[in-house]
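Structure assessment
Residues per chain are reported as follows:
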Amino acid sequence: YTLSEETITSLKQPTFDIWLWEANEMLSCLEHMYHSLGLVKDFNINPVTLKRWLLRVEGSYRNNPFHNFRHCFCVTQMMYSVISICNLQGLGTQSLGSAILPDLLLFASSYQINARTDLAVRYNDISPLENHHCAVAFQISSQPECNIFSNMDPEIFKQVRQGIINLILATDMARHGEILDNFKQKIENFDFSNEEDVTCLKMVLIKCCDISNEVRPMEVAEPWVDCLLQEYFMQSDREKSEGLPTAPFMDRDKVTKVTAQIGFIKFVLIPMFELVAKLFPQIEEPLVQPLRESRDRYEELKQIDDATNEIHKNKNESLSIGGKKK
């Protein structure tokens with residue numbers, strides 16, 4: 001698939017509509033990103049090997065409602081946009097590599113730990129899902145025909161591998177508070193020449209991109225909410241059937257689409273993106289403002305829902321009183 005100039009330009013925008021593309025087209029877009037950022041040239045990656053690696057990664061995904069190959073593409077494309085908007089081309093290798101690596105399984109780490117699955121046992125309850133993603137990704141890369149790191153200097157590879165592992169593990173939401181607190185402490189005196197500061201920034205950026213759907217236009221973002229809730233409900237239903245703890249935000253009896261999004265946008269997304277905007281004010285308009293607009297839209301929907309429910313409640317009470325009078 002050959003990309004048009006219009007597609008090449010729009011790939012750098014958070015408004016890119018990820019629902020319009022078939023798997024082979026998304027693979028071509030991913031391939032373009034690696035070439036565009038200079039990774040293929042800088043690390044002497046064989047272009048044919050890159051094609052095979054991307055194809056093998058795509059084939060590793062399951063047909064989950066949310067955590068599927070399109071989600072992988074979505075996260076990677078957002079990272080590509082952030083790199084472009086913030087002029088962070090130097091972060092490309094680990095950041096883009098981490099974004100594309102597999103989100104393979106359906107049920108989250110919380111389920112794996114509570115259910116004492118083989119994965120949880122294998123990784124000692126430490127981010128079992130994310131550790132699994134790392135392992136599968138590097139297993140793919142260990143195959144000679146898919147080894148995009150084969151021409152990389154061994155010392156450089158060690159650094160890149162450790163960086164990718166750090167970033168994938170950072171996407172475990174159980175570590176959200178810890179990572180954000182660390183970033184807050186560094187942001188006032190952030191030093192781009194300090195390796196620890198830059199690593200912390202990368203961790204926050206991959207987290208932003210991993211949960212960035214509400215940054216996108218409403219018609220692109222909203223279908224993802226339905227997909228995610230479908231996965232959540234599948235997990236909570238299973239947890240209930242197995243007598244395991246269930247998170248309220250995953251319970252179909254306790255959460256609605258509107259209330260789920262209001263809380264997530266207000267208390268997770270906006271604070272994190274506003275924190276990044278202190279370092280990169282240029283993301284305010286393309287990334288932070290759409291989140292505020294999304295929050296306002298869902299709050300309006302909640303007001304409508306509340307008003308409708310109140311009308312139904314009053315109507316039912318009136319009918320009940322009328323019945324008693326008779």
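Residues numbered from 1 in each chain as written. Predicted model: local features only at pLDDT ≥ 70, side-chain atom pairs only at ≥ 80, totals over all residues. Heavy atoms only, no water.

Looking at the overall build of the protein chain
The cut-off we apply is this: The way it works is that DSSP assigns letters per residue, a run of H or I at least four long becomes a helix, a run of E at least two long becomes a strand, and they are numbered from the N terminus. Only protein chains enter the accessibility calculation, which uses a 1.4 Å probe. A residue is then buried if its area is under 20% of the maximum for its type, exposed if over 50%, and partly exposed in between. In this description, contact between two residues means that some pair of their heavy atoms is separated by no more than 4.5 Å. Note on areas: Shrake-Rupley with a 1.4 Å probe; residue coverage comes only from the protein chains shown.
When you go through the protein chain residue by residue, the secondary structure sums to 15 helices and zero strands. A buried classification covers 51% of the 326 residues belonging to the protein chain. Partitioning the contacts of the protein chain with sequence separation of at least 6, the portion at a separation of at least 24 is 71%. Summed over all atoms, the accessible surface of the protein chain reaches about 16,300 Å², with 51% contributed by carbon and sulfur.

A look at empty space enclosed by the protein
Rule in force here: Using a grid of 1 Å spacing that covers the protein atoms alone, one calls a set of points a cavity when a 1.4 Å probe fits there but cannot get out, and a pocket when the set is open and has protein on both sides within 12 Å along at least five of seven lines; lining residues are those with an atom within 4 Å of a point. Grid points are joined across faces, edges and corners, and a volume is the space filled by probe spheres set on the points. Charged means Asp, Glu, Lys or Arg here, nonpolar means Ala, Val, Leu, Ile, Met, Phe, Trp, Tyr, Cys or Pro, and polar covers whatever is left, Gly included.
On inspection of all chains with the given rule, the structure shows two cavities of 30 Å³ or more. What the second largest cavity holds in volume is close to 40 Å³. Taken together, Val82, Leu205, Cys208, Cys209, Phe273, Val276, Ile283 and Leu287 form the lining of the second largest cavity. Here the lining of the second largest cavity gets three residues from one element, more than from any other, and that element is helix H12 (residues 195-210). Classifying every residue of the lining of the second largest cavity gives eight nonpolar, no polar and no charged.

A short note on the packing of helix H9 (residues 128-141) against helix H10 (residues 154-170)
Worth spelling out the cut-off: Helix axes are fitted to C-alpha atoms over the stretch in contact, other axes to C-alpha atoms as well, and angles between N-to-C directions run from 0 to 180 degrees. Two helices that cross are described as forming a left-handed crossing if the nearer one is turned anticlockwise from the farther one by less than a right angle, and a right-handed crossing if clockwise.
At their nearest, the axes of H9 and H10 sit 8 Å apart, and the two run at 145° to each other. Crossing angle aside, the handedness with which H9 passes H10 is right-handed. Side by side, H9 and H10 meet where Glu130, Asn131, His133, Cys134 and Phe138 of the first sit next to Phe157, Arg161, Ile164, Ile165, Ile168 and Leu169 of the second. Here the contact of H9 with H10 is built from residues that sort into seven nonpolar, two polar and two charged.

Section: unusual backbone geometry
Positive phi outside glycine occurs at Asn44, with the angle close to 50°. Within the secondary structure, Asn44 sits in the loop between helix H3 (39-42) and helix H4 (47-60). Judged by its relative accessible area of 48%, Asn44 is partly exposed. With phi around 55°, Asn87 is a residue other than glycine that occupies positive phi space. Look at Asn87 and you get exposed, because its relative accessible area is 59%.

So, the UniProt feature "active site" (unreviewed entry) in the protein chain
Put simply, the rule is: UniProt positions are given in the numbering used here, feature names are shortened, and annotations may be inferred rather than shown by experiment.
Here the UniProt-annotated "active site" (unreviewed entry) positions come out as His67. Secondary-structure assignment places His67 in the loop between H4 and helix H5 (69-85).

Here's the deal with H5
An α-helical turn contains 3.6 residues, so any two residues separated by three or four positions project in the same direction. Rules: Given a helix with a known number of residues, its expected span is that number minus one, times 1.5 Å.
Between its terminal C-alpha atoms H5 stretches 24 Å, which fits the 24 Å expected from 17 residues at 1.5 Å a residue. Of all 17 residues making up H5, 15 are buried, and the element is well covered by its neighbours. Positive phi shows up at Asn87, right after H5, with a value of about 55°.

Focus on H10
Stated precisely, the cut-off is as follows: Any pair of nitrogen or oxygen atoms within 3.5 Å is treated as a polar contact; in protein, a donor-acceptor pairing is required on top of that, and neighbouring residues in sequence qualify only through side-chain atoms on both sides.
Given a rise of 1.5 Å per residue, 17 residues ought to cover 24 Å, and the 24 Å separating the end C-alpha atoms of H10 matches this to within 8%. N-cap assignment for H10: the residue whose side-chain oxygen lies 3.0 Å from the backbone N of Glu155 is Asp153.

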